[in-house]
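Each chain, letter by letter, is given below.
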Amino acid sequence: MTRWGLIGASTIAHEWVIDAIRATGGEIVSVMSTNAERGAAYARDHGIAKSVTNIADLVDDPDVQAVYISTTNELHRDQVLAAASAGKHVLCEKPLAMSLDDAHTMVKAAKDAGVVMATNHHLRGAATHRAMREAIAAGRIGKPLAARVCHAGYLPAHLQGWRLDRPEAGGGVILDITVHDTDALRFVLGDDPVEAVALGQYGGMAKAGLEDAAMGVIRFKSGLIAQFHDGFTTRYALTSFEVHGSDGSLFARNCMTQKAIGTVTLRNADGETELPLDHRNLYENTLLAFNDAIAGRGKPLCSGEDGIWSLATGLAVMQAAASGTTVSIEPGL
């Protein structure tokens, strides 16, 4: 059983991760919030024994073996460094940091400390994405040539805070959503991105010059090109993920989501076939792999290095959208 500390009394922990930790045999022993009143209420509401207001009190707690970090993005670096220095395993929300230098520092610190570090790109735990990955690896669509991701929806009112008005915290749709697309594409395709072009949109939801939607194209090492549409502003969009190959195409629907739902259709010379899917909670899949990694039985679903790749791509997409040019993706790995 892994004993956890939560760094951040967050909505995502409330809605998804606390339940997933407990469903996979973990125990949450402490939560940190810089607001003592909020932290105490959060601990009480979620049945957590301790609430603290500073990072040292959480990471130096001998009852804590691992931490889940879900604060705003500009805080991740120092919190990961503190946790690693204290010998705690780390599951960190995406994007890992605000710069590649910081992300590299975080991953190195975890390695030097001998602790497991993972990035919480939950879509690797989706049955839809796993089925697509397996079908492509088995050659069922031939050589992958193109992909298309629609990860546009409507940002709920209770999440319309820093994502829309704090560029210094990593707000905007690209660092929130496009990084997920990147990781999903890398996972499904088994390929890495090399360059991006993009346009940002300002649809009236975000403030302070932040984009609330974006479209672009990413080229991968194999030559595959992937189109993406990400947004906070489209109430009725249906998420989708397509991969088109020389011998067939895969169509996933209702799949870029936190929920264990969606379908995948294979279309080729034989017609259309629905792929069998083993749906289960995406975060539980993430936690099971994380627990195995702690026990020395494998690797996290999404490593710190994977988080560097998605951050590098997100930053390149932001630069491409701002400059109107093609930008190389260079993770430094």
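Reading the values: the criteria
- Residues numbered from 1 in each chain as written.
- Predicted model: local features only at pLDDT ≥ 70, side-chain atom pairs only at ≥ 80, totals over all residues.
- Heavy atoms only, no water.
- Helix = DSSP H or I, 4+ residues; strand = E, 2+ residues; numbered from the N terminus.
- Rg over C-alpha atoms; globule rule 2.2 N^0.38 Å.
- Buried < 20%, exposed > 50% of the residue type's maximum accessible area, 1.4 Å probe, protein only.
- Contact = heavy atoms within 4.5 Å.
- Areas by Shrake-Rupley, 256 points an atom, 1.4 Å probe, with all protein chains shown as cover.
- Lys, Arg positive; Asp, Glu negative; His and termini not counted.
- Charge placed at Lys NZ, Arg CZ, Asp CG, Glu CD.
- Pairing = 2+ DSSP bridges.
- Axes fitted to C-alpha atoms, helices over the stretch in contact; angles between N-to-C directions.
- Core = buried A, V, L, I, M, F, W, Y, C linked by side-chain atoms within 4.5 Å.
- Polar contact = N/O pair within 3.5 Å; in protein donor to acceptor, adjacent residues only side chain to side chain.
- Expected span 1.5 Å × (residues − 1).
- Parallel < 35°, antiparallel > 145°, perpendicular 65-115°, else oblique.
- Nonpolar A, V, L, I, M, F, W, Y, C, P; charged D, E, K, R; others polar.
- Arc of directions from axis to C-beta.

> Provide a residue-level description of the overall build of the protein chain, including the pertinent values.
A count of helices and strands for the protein chain gives 10 helices and 15 strands. Against the compact-globule benchmark of 20 Å for 333 residues, the protein chain has a radius of gyration of 19 Å, which places it among compact chains. The principal-axis extents of the C-alpha atoms in the protein chain amount to approximately 60 × 45 × 40 Å. By the burial criterion, 54% of the 333 residues in the protein chain qualify as buried. When contacts within the protein chain are restricted to residue pairs at least 6 apart in sequence, long-range pairs at least 24 apart make up 68% of them. Carbon and sulfur atoms make up 49% of the accessible area of the protein chain, which totals about 13,900 Å². Looking at the protein chain, you have 29 positive and 38 negative side-chain charges, and the mean spots of the two groups are 2 Å apart.

> Any details on the sheet that holds strand S13 (residues 263-268)? Residues and values, ideally.
The sheet built from 9 strands is open, its strands ordered S14-S13-S12-S11-S7-S10-S9-S8-S15 with mixed pairing. Each end of this open sheet is capped by a strand with a single partner; those strands are strand S14 (271-274) and strand S15 (327-328). Note: S13 against S14, 4 bridges, orientation antiparallel. What sits directly across from Arg 267, in S14, is Glu 272. Set on the sheet, helix H8 (residues 173-189) makes contact with strand S7 (144-152), strand S8 (193-201), strand S9 (213-220), strand S10 (225-231) and strand S11 (240-245); between it and S10 the angle comes to about 145°. Contacting S8, S9, S10 and S15, helix H10 (residues 304-323) crosses the sheet at an angle of about 50° to S8.

> Quick rundown of the nonpolar core? Include the residues and the values.
With 49 residues, the main nonpolar core has Met 132, Leu 185, Phe 241, Val 243 and Leu 250 as its most contacted residues. Per element, the largest residue contribution to this core is 8 residues, and it comes from H8. In this structure, Phe 241 is in contact with His 129, Met 132, Arg 148, Val 149, Ala 184, Leu 185, Val 188, Leu 250, Phe 251, Ala 252, Cys 255 and Met 256, ignoring residues within four places of it in sequence.

> Talk me through the side chain of Ser 249; I want residue IDs and the actual numbers.
Relative to the helices and strands, Ser 249 resides in strand S12 (residues 249-253). Side-chain polar atoms of Ser 249 contact the side chain of His 244, separated by 2.8 Å. Setting aside its immediate chain neighbours within four residues, Ser 249 contacts Ile 141, Val 243, His 244, Thr 265, Leu 266 and Arg 267.

> Hey, could you go over unusual backbone geometry for me, with residue numbers and the actual values?
With an omega of -20°, the peptide bond running from Lys 94 to Pro 95 counts as cis. Mapped onto the secondary structure, Pro 95 falls in the loop between strand S5 (89-92) and helix H5 (100-113). A positive phi is found at Asn 254, a non-glycine position, where the angle reads about 55°. Mapped onto the secondary structure, Asn 254 falls in the loop between S12 and S13.

> Any details on the pairing of S8? Residues and values, ideally.
Within a regular strand, the side chains alternate between the two sheet faces. Bridge count between S8 and S9: 8 bridges; the pairing is antiparallel. Bridged to Pro 193 within S9 is Phe 220.

> Kindly report on the environment of Ala 84, identifying the contributing residues and their values.
Along the chain, the position of Ala 84 falls in helix H4 (residues 76-85). By relative accessible area, Ala 84 is classed as buried at 3%. Sequence separation of Ala 84 and Ile 136 is 52 residues, and the distance between their C-alpha atoms is 36 Å. Ignoring any residue separated from it by four or fewer positions in sequence, one finds Ala 84 in contact with Ala 109, Ala 110, Ala 113 and Val 115.

> Can you explain the pairing of S13? Please cite residues and give values.
Bridge count between S12 and S13: 5 bridges; the pairing is antiparallel. Each bridged residue has a counterpart across the sheet, and for Ser 249 the counterpart in S13 is Arg 267. A loop of 2 residues connects S13 with S14, the two strands running antiparallel in sequence.

> Describe H8, listing the residues and the values that go with them.
Between its terminal C-alpha atoms H8 stretches 23 Å, which fits the 24 Å expected from 17 residues at 1.5 Å a residue. Counting buried residues in H8 gives 17 out of 17 residues, a clear majority hidden from the surface. In the stretch just after H8, Gly 190 is the one whose phi turns positive, near 65°.

> Requested: an account of the packing of H4 against H5, with residues and values cited.
When two helices pack together, their arrangement is given by the angle between their axes and by how far apart the axes lie. Orientation of H4 relative to H5, taken along the N-to-C sense of each, is 10°, at an axis distance of 9 Å. Compared by their axis directions, H4 and H5 come out roughly parallel. Residues His 76, Arg 77, Val 80, Leu 81 and Ala 84 of H4 form the contact with H5, whose participating residues are Asp 102, Thr 105, Met 106, Ala 109, Ala 110 and Ala 113. Taken together, the residues of the contact of H4 with H5 sort by class into 7 nonpolar, 2 polar and 2 charged.

> Outline H5, listing residues and values.
Given 3.6 residues to a turn, an α-helix orients residues that are three or four positions apart in the same direction. In this model, H5 (14 residues) spans 20 Å end to end at C-alpha, consistent with the 20 Å of a helix rising 1.5 Å per residue. Buried within H5 are the following residues: Ala 103, Met 106, Val 107 and Ala 110. Angularly, the buried residues of H5 cover 90° about the axis, an arc narrow enough to put them on a single face. Residues Asp 101, Lys 108 and Asp 112 are exposed on H5 and point more than 90 degrees away from its buried face. Tucked inside the fold, the buried residues of H5 contact H4, S5, strand S6 (117-119) and H10.

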